[in-house]
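The chain contents come next:
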Amino acid sequence: MKNQANEAFKGHKFSNAIDLYTKAIELNGNNAVYWANRAFAHTKLEEYGSAIQDASKAIEIDPKYSKGYYRRGAAYLAMGKFKDALKDFQQVKRICPSDPDAARKLKECEKAVMKLKFEEAISAPVSERRSVAESIDYHTIGNKPRSSSFLPTKTALAAVVAAVMVVAVRGFATTEILMVLVSVVLGTYWWGSFSGSEVEPQYSGARIEGEEVTLEFVKQMMDDFKNQKTLHKRYAYQIVLKTRQILQALPSLVDISVPNGKHFTVCGDVHGQFYDLLNIFELNGLPSEENPYLFNGDFVDRGSFSVEIILTLFAIKCMSPSSIYLARGNHESKSMNKIYGFEGEVRSKLSEKFVDLFAEVFCYLPLAHVINEKIFVVHGGLFSVDGVKLSDIRAIDRFCEPPEEGLMCELLWSDPQPLPGRGPSKRGVGLSFGGDVTKRFLEDNNLDLVVRSHEVKDEGYEVDHDGKLITVFSAPNYCDQMGNKGAFIRFEAPDMKPNIVTFSAVPHPDVKPMAYANNFMRMFN
């Protein structure tokens, strides 16, 4: 049984491997290896809570089994619990003092903990933090001073008139008149020149003319990204700042109306897989007023084209706010971005200030959507208590990093389970909820269906809870190793029946997933 499970694991059939390891455990529950191996498979499916439980059981069976500590430490690390991870890797080093791999991972973990302590020490209290966005004026970003459109005609004329008025009033001599003329002209030129900056002429990428993001710009930007070109920082700032303004005005729960005869598309996680996003648009059309989309969170991390993804989605939001709706996922957060690559990618492709700006703007993303008063769309899932109403979700103060418990946490992190009732989260955050929980929530709020994302599925989707809940995941061959399909859902009014479209991964440039993640995480990928 163990050998079959190992083969399934090697074939990236992690769910199958878990089932087979479970059968092996049922035959011999005192074998620490079985528990540690199942923990590893859980880790591959991002079920870190279950991985910690299994690894802890392996340690309980054999306190000197180094892989038990290793697997648990890796799961703690993936959850951002660096201090807990450090304790486990210290134990691995004690058990295997001459193991160079253990020593290397311990050293990197120590660095991560030291960095965390430093950031905690220098961070300002939440009440004293200032908006990054409000400190940025994108008009001033560029290397070439803006030439005044008034020179040399209107500005020069204004200067001469001013000088003549001074002479008329004060009666200066000829030399003094020239000095006044020169001073006024130069001063006016200086004022006009530094009222803004132009993008340097050698920049050959997409340009925003004026204040409006156009379809022409979006198409050119996407084509530039496809060819691995970068967007000028001025335009990146302009897009992100405009998106912040749009999102800030939205409620935490957004209502969407789809007129009769029209359609609406819901996509799940895209996780930095930009070339698969382009494929979605090839298959289903670009977002527009006639072809609106909802992207249901987890735009970034894991995949190494997250900057291209987020700027594309934000630019479309700026171009036509009702053409695209964006929901927050659990990966639109500082803690996840620090671990899974987005922070490093932003720092590499844009700048340090953009790291803070994206973190701020992510806090403005809505938490859930309701389509035609019948379909509830959320990234994660439902709640640890019954009786939650849509009004409770609307009332959530979302302008913060996700908490570790409560309604906001559960919206972003929870998962469905096949059994009724509620159970502990396999991820270690949020909870698992059964079909009875889904049914009561829908009945309480006069809804028909829950659509959520958050979990990779072999076919790109899965229908659960007697057809009352659909998981949709839009990142095919997730992390270049899962072999899954991607999917999106089209709803057509008035019946709003789900039409699920699946698709396969497309080639992308040779940049591996997690390429920008911290050193420690890359060791485990």
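Scoring rules and cut-offs
Residues numbered from 1 in each chain as written. Predicted model: local features only at pLDDT ≥ 70, side-chain atom pairs only at ≥ 80, totals over all residues. Heavy atoms only, no water. Helix = DSSP H or I, 4+ residues; strand = E, 2+ residues; numbered from the N terminus. Buried < 20%, exposed > 50% of the residue type's maximum accessible area, 1.4 Å probe, protein only. Polar contact = N/O pair within 3.5 Å; in protein donor to acceptor, adjacent residues only side chain to side chain. Contact = heavy atoms within 4.5 Å. UniProt positions renumbered as here; feature names shortened; annotations may be inferred. 1 Å grid on protein atoms, 1.4 Å probe; cavity = no way out; pocket = protein on both sides within 12 Å on 5 of 7 lines; lining within 4 Å. Points joined across faces, edges and corners; volume = space filled by probe spheres on them. Nonpolar A, V, L, I, M, F, W, Y, C, P; charged D, E, K, R; others polar. Pairing = 2+ DSSP bridges.

Moving on, we get to the side chain of Asn484. For Asn484, the location among the structural elements is in the loop between strand S14 (469-472) and strand S15 (486-492). According to the relative accessible area criterion, Asn484 is buried, its value standing at 3%. Within polar-contact distance, the side chain of Asn484 engages the backbone oxygen of Ala475 at 3.0 Å. One polar contact links the side chain of Asn484 to the main-chain amide nitrogen of Tyr478, over a distance of 2.9 Å. Residue contacts for Asn484: discarding those within four places in its chain leaves Val456, Lys457, Asp458, Phe473, Ala475, Pro476, Asn477 and Tyr478.

Per the UniProt entry, the sites bearing "repeat: TPR" (unreviewed entry) are residues 32-65 and 66-99 in this numbering. Annotated as residues 32-65, this span is 79% helix and 0% strand, and its ends, taken at the C-alpha atoms, are 8 Å apart. Secondary structure content for residues 66-99 is 79% helix and 0% strand, and the end C-alpha separation is 11 Å.

Further remarks concern empty space enclosed by the protein. It is the rolling of a water-molecule-sized probe over the atoms that shows where space remains empty. Applying the stated criterion across every chain yields a total of three cavities of 30 Å³ or more. Approximately 100 Å³ is the volume found for the largest cavity. Gln273, Gly303, Phe305, Asp480 and His508 are, among the 14 residues lining the largest cavity, the residues nearest its centre. Here the residues of the lining of the largest cavity are counted per class, giving six nonpolar, five polar and three charged.

A few words now on the sheet that holds strand S10 (residues 422-424). The three strands are arranged S9-S11-S10 in an open sheet whose pairing can be described as mixed. Each edge of the open sheet is held by one strand with a lone partner, namely strand S9 (415-416) and S10. Inspection of the sheet shows S9 paired to strand S11 (residues 431-433) by two bridges, in the parallel sense. Across the sheet, residue Asp415 finds its bridge partner in S11, namely Ser432.

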